[in-house]
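Examination of the molecular architecture
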Amino acid sequence: MAAGTSIVPVAVTAAVAPVLSTNSDFSDLREIKKQLLLIAGLTRERGLLHSSKWSAELAFSLPSLPLAELQPPPPITEEDAQDMDAYTLAKAYFDVKEYDRAAHFLHGCNSKKAYFLYMYSRYLSGEKKKDDETVDSLGPLEKGQVKNEALRELRVELSKKHQARELDGFGLYLYGVVLRKLDLVKEAIDVFVEATHVLPLHWGAWLELCNLITDKEMLKFLSLPDTWMKEFFLAHIYTELQLIEEALQKYQNLIDVGFSKSSYIVSQIAVAYHNIRDIDKALSIFNELRKQDPYRIENMDTFSNLLYVRSMKSELSYLAHNLCEIDKYRVETCCVIGNYYSLRSQHEKAALYFQRALKLNPRYLGAWTLMGHEYMEMKNTSAAIQAYRHAIEVNKRDYRAWYGLGQTYEILKMPFYCLYYYRRAHQLRPNDSRMLVALGECYEKLNQLVEAKKCYWRAYAVGDVEKMALVKLAKLHEQLTESEQAAQCYIKYIQDIYSCGEIVEHLEESTAFRYLAQYYFKCKLWDEASTCAQKCCAFNDTREEGKALLRQILQLRNQGETSTTEVPAPFFLPASLSANNTPTRRVSPLNLSSVTP
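Just so it is clear, the structure is predicted and the values come from calculations on it, not from any experiment. (Residues numbered from 1 in each chain as written. Predicted model: local features only at pLDDT ≥ 70, side-chain atom pairs only at ≥ 80, totals over all residues. Heavy atoms only, no water.)

Thoughts on the overall build of the chain
- Summing up its helical and strand segments, the chain has 29 helices and 0 strands in all.
- Long-range pairs, those at least 24 residues apart, make up 61% of the contacts in the chain between residues at least 6 apart in sequence.
- Of the roughly 28,900 Å² of accessible surface on the chain, 51% is carried by carbon and sulfur atoms. (Helix = DSSP H or I, 4+ residues; strand = E, 2+ residues; numbered from the N terminus. Contact = heavy atoms within 4.5 Å. Areas by Shrake-Rupley, 256 points an atom, 1.4 Å probe, with all protein chains shown as cover.)

As structure tokens, then:
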């Protein structure tokens with residue numbers, strides 16, 4: 001076997017051996033293509049269809065191989081030959097989802113491939129029965145109420161094989177999945193890491209490992225194989241952990257080495273831009289992806305989220321109809337249709353489609369979160385809380401679910417709960433101003449004004465999306481009779497509005513001008529006060545006050561009052577707060593005090 005960086009297990013079948021020799025660089029794309037084609041076949045033989053599809057798509061993005069370089073199928077072992085009839089029959093049953101029947105005919109088989117399909121059939125049979133029980137129970141189901149009854153037996157059997165070092169890379173992958181399903185996270189991580197060493201080309205093992213990593217520190221301590229597959233894994237996990245700058249750099253490197261035609265990489269880049277709310281860039285990439293791969297359904301629910309945010313009704317309608325024609329019973333299609341009805345304010349219909357998506361896949365994260373949003377719109381807070389909690393059970397890294405729970409408890413006027421959930425959302429998205437503004441408002445309600453100030457300042461520092469942080473901070477300074485600081489915030493708020501170049505109606509603009517007019521008037525700076533008072537006259541709610549102030553200024557000037565030369569200390573803003581754009585660099589979460597009732 002060619003020398004490689006992977007750990008080779010004691011028992012390795014001849015069929016899998018060629019896969020294990022993977023290099024850590026991308027110098028030989030022809031060899032990488034051969035490996036991808038080989039693993040696509042091996043995963044397909046074992047019913048691992050998503051891994052097979054991923055490998056095939058990636059192989060398709062690389063140049064074709066000449067006939068002389070195409071690899072022959074792996075040699076058949078004596079054990080494979082003995083189990084061939086049972087395997088062929090069982091695989092046919094497996095493909096039509098008759099899992100118990102497949103397992104029955106594979107019982108007693110000794111080859112690695114047949115044994116994996118036997119165990120995997122039993123696992124999927126248990127999952128199917130569990131899903132059948134939960135399909136009509138999308139209400140208040142407690143975690144773990146419905147379980148896959150086969151898991152414990154599978155764990156016992158696979159554990160014995162593992163201790164005897166008789167599991168190949170696929171067997172280790174399945175053992176890891178069983179451990180994860182039993183909430184044995186630490187053991188599952190160890191087994192998945194071992195699986196990536198034994199069979200580094202199996203994307204499924206990397207993906208399962210990705211779902212168990214909660215932060216960058218955890219990632220640092222993993223002993224991963226030095227293989228080119230690790231680059232795809234790191235790019236994916238960086239996107240999941242909201243380390244977007246690092247993720248985009250990794251994907252750009254992969255494009256540069258020869259994967260520029262990969263629809264998977266293009267879609268992941270679009271998702272990354274979606275995560276940092278660079279909506280125009282994400283929409284542009286998704287539109288380009290649709291031209292390249294018009295029948296693609298993966299990630300189209302994310303595309304629909306972007307269209308929803310931009311209120312692009314006709315485009316969202318077209319997308320929904322198009323996906324319906326391709327496959328109306330895919331979870332992504334149901335979510336797109338749900339978003340379409342939500343944009344039309346038909347929230348009951350929207351919730352119905354998100355429920356349909358969850359009947360198709362109860363572990364589909366996006367549908368739980370979106371259904372929570374719909375219940376919020378329908379003022380059904382208890383159902384919204386349940387939906388958000390389900391989303392967190394599926395993925396604890398989903399900041400939208402934590403944020404949604406915070407909003408729900410805010411409506412219920414439960415600020416301590418609200419604070420906890422907003423803090424969790426902020427830890428996951430430390431450079432998202434919406435989380436910070438929500439946290440600031442929460443601290444304000446709890447009269448923790450120092451913490452509220454911190455939140456509003458940081459919200460502005462990371463690029464205030466809604467342009468509200470400075471106004472809220474200014475009002476906080478007003479409340480504390482810190483007039484100079486309040487004026488400073490209002491001045492910067494006005495500067496930001498006029499510098500962005502957009503003609504947008506800002507509700508707090510009149511408030512800012514009114515305060516500044518009064519502030520300059522008190523400081524006897526007549527010219528500045530007059531300018532701000534004139535601006536007040538342009539708004540309905542401050543017109544009369546502006547006119548009254550202008551009359552007072554004119555009266556004082558006629559009486560011989562002159563502008564003061566004793567100008568207060570000059571206003572300045574820290575250099576870190578001068579940026580208007582949201583940074584892609586991840587900043588650390590704020591060190592905020594924990595308030596308990």
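Picking up where we left off.
Focus on the nonpolar core
- Within the largest apolar cluster, 188 residues are counted, with the highest numbers of intra-cluster contacts made by Tyr123, Leu209, Trp228, Phe232, Phe233 and Ile237.
- With 9 residues, helix H5 (residues 112-134) is the single largest residue contributor to this core.
- Inspection of this core shows a minimum of three residues originating in each of domain 1 (399-505) and domain 2 (519-568).
- Those residues within four positions of Phe233 in sequence are excluded, and the remaining contacts are Trp203, Trp206, Leu209, Cys210, Ile213, Leu219 and Leu224. (Core = buried A, V, L, I, M, F, W, Y, C linked by side-chain atoms within 4.5 Å. Buried < 20%, exposed > 50% of the residue type's maximum accessible area, 1.4 Å probe, protein only. Domains from an automatic or database assignment.)

Some thoughts on the pattern of salt bridges
- Taken as a whole and assessed by the stated rule, the structure comprises 28 salt bridges.
- Measuring nitrogen to oxygen at the nearest pair gives 3.7 Å for the salt bridge that ties Arg46 to Glu45.
- Assessed through its relative accessible area of 2%, Arg46 is described here as buried.
- For Glu45, a relative accessible area of 30% translates into the label partly exposed.
- Where Arg101 meets Glu98, a salt bridge forms, and the shortest distance between an N and an O atom there is 2.7 Å.
- For Arg101, a relative accessible area of 40% puts it in the partly exposed group.
- Among the residues examined, Glu98 registers a relative accessible area of 31% and is labelled partly exposed.
- Each of Glu45, Arg46 and Lys113 takes part in salt bridges that share partners, so that together they form one network. (Salt bridge = Lys/Arg side-chain N within 4 Å of Asp/Glu carboxyl O.)

Considering the environment of Gln386
- For Gln386, the location among the structural elements is in helix H20 (residues 381-394).
- Taking relative accessible area as the criterion, Gln386 reaches 22% and is therefore assigned partly exposed.
- Separated by 15 residues in sequence, Gln386 and Met371 place their C-alpha atoms 9.8 Å apart.

As for a nonpolar patch on the surface
- A contiguous nonpolar patch, built from Leu37, Leu67 and Leu70 and spanning about 310 Å² of accessible area, is present on the exposed surface.
- Examined against the element boundaries, Leu37 turns out to sit in helix H1 (residues 29-45). (Patch = residues over 30% accessible without salt bridge, like charges linked within 9 Å, V, L, I, M, F, W, Y side chains within 5 Å.)

Here we look at the UniProt feature "repeat: TPR" (unreviewed entry) in the chain
- Sites flagged by UniProt as "repeat: TPR" (unreviewed entry) map to residues 331-364 and 365-398.
- Between the end C-alpha atoms of residues 331-364 the distance is 8 Å, and the span holds 79% helix and 0% strand.
- With 79% helix and 0% strand, residues 365-398 has end C-alpha atoms that lie 8 Å from one another. (UniProt positions renumbered as here; feature names shortened; annotations may be inferred.)

Quick word on the state of the cysteines
- For the coordinates displayed, the defined rule picks out 0 disulfides.
- Cysteine Cys324 remains unbridged, with the sulfur of Cys334 as its closest cysteine sulfur at 8.0 Å.
- Unpaired in this structure, Cys536 has its nearest cysteine sulfur neighbour in Cys537, at a distance of 6.9 Å. (Disulfide = S-S within 2.5 Å.)

Quick word on H20
- End to end, H20 covers 20 Å across 14 residues, agreeing with the expected 20 Å (1.5 Å per residue, within 8%).
- Every buried residue of H20 is listed here: Thr381, Ala383, Ala384, Ile385, Ala387, Tyr388, His390, Ala391 and Ile392.
- Where H20 is buried, its residues meet helix H19 (365-377) and helix H21 (399-411). (Expected span 1.5 Å × (residues − 1).)

Topic: helix H18 (residues 347-360)
- When the terminal C-alpha atoms of H18 are compared, their 20 Å separation across 14 residues agrees well with the 20 Å that a helix rising 1.5 Å per residue should span.
- Taken as a whole, H18 has its buried residues at His347, Ala350, Ala351, Tyr353, Phe354, Ala357 and Leu358. Here the buried residues of H18 occupy an arc of 160° about the axis, which is enough to place them on one side. (Arc of directions from axis to C-beta.)

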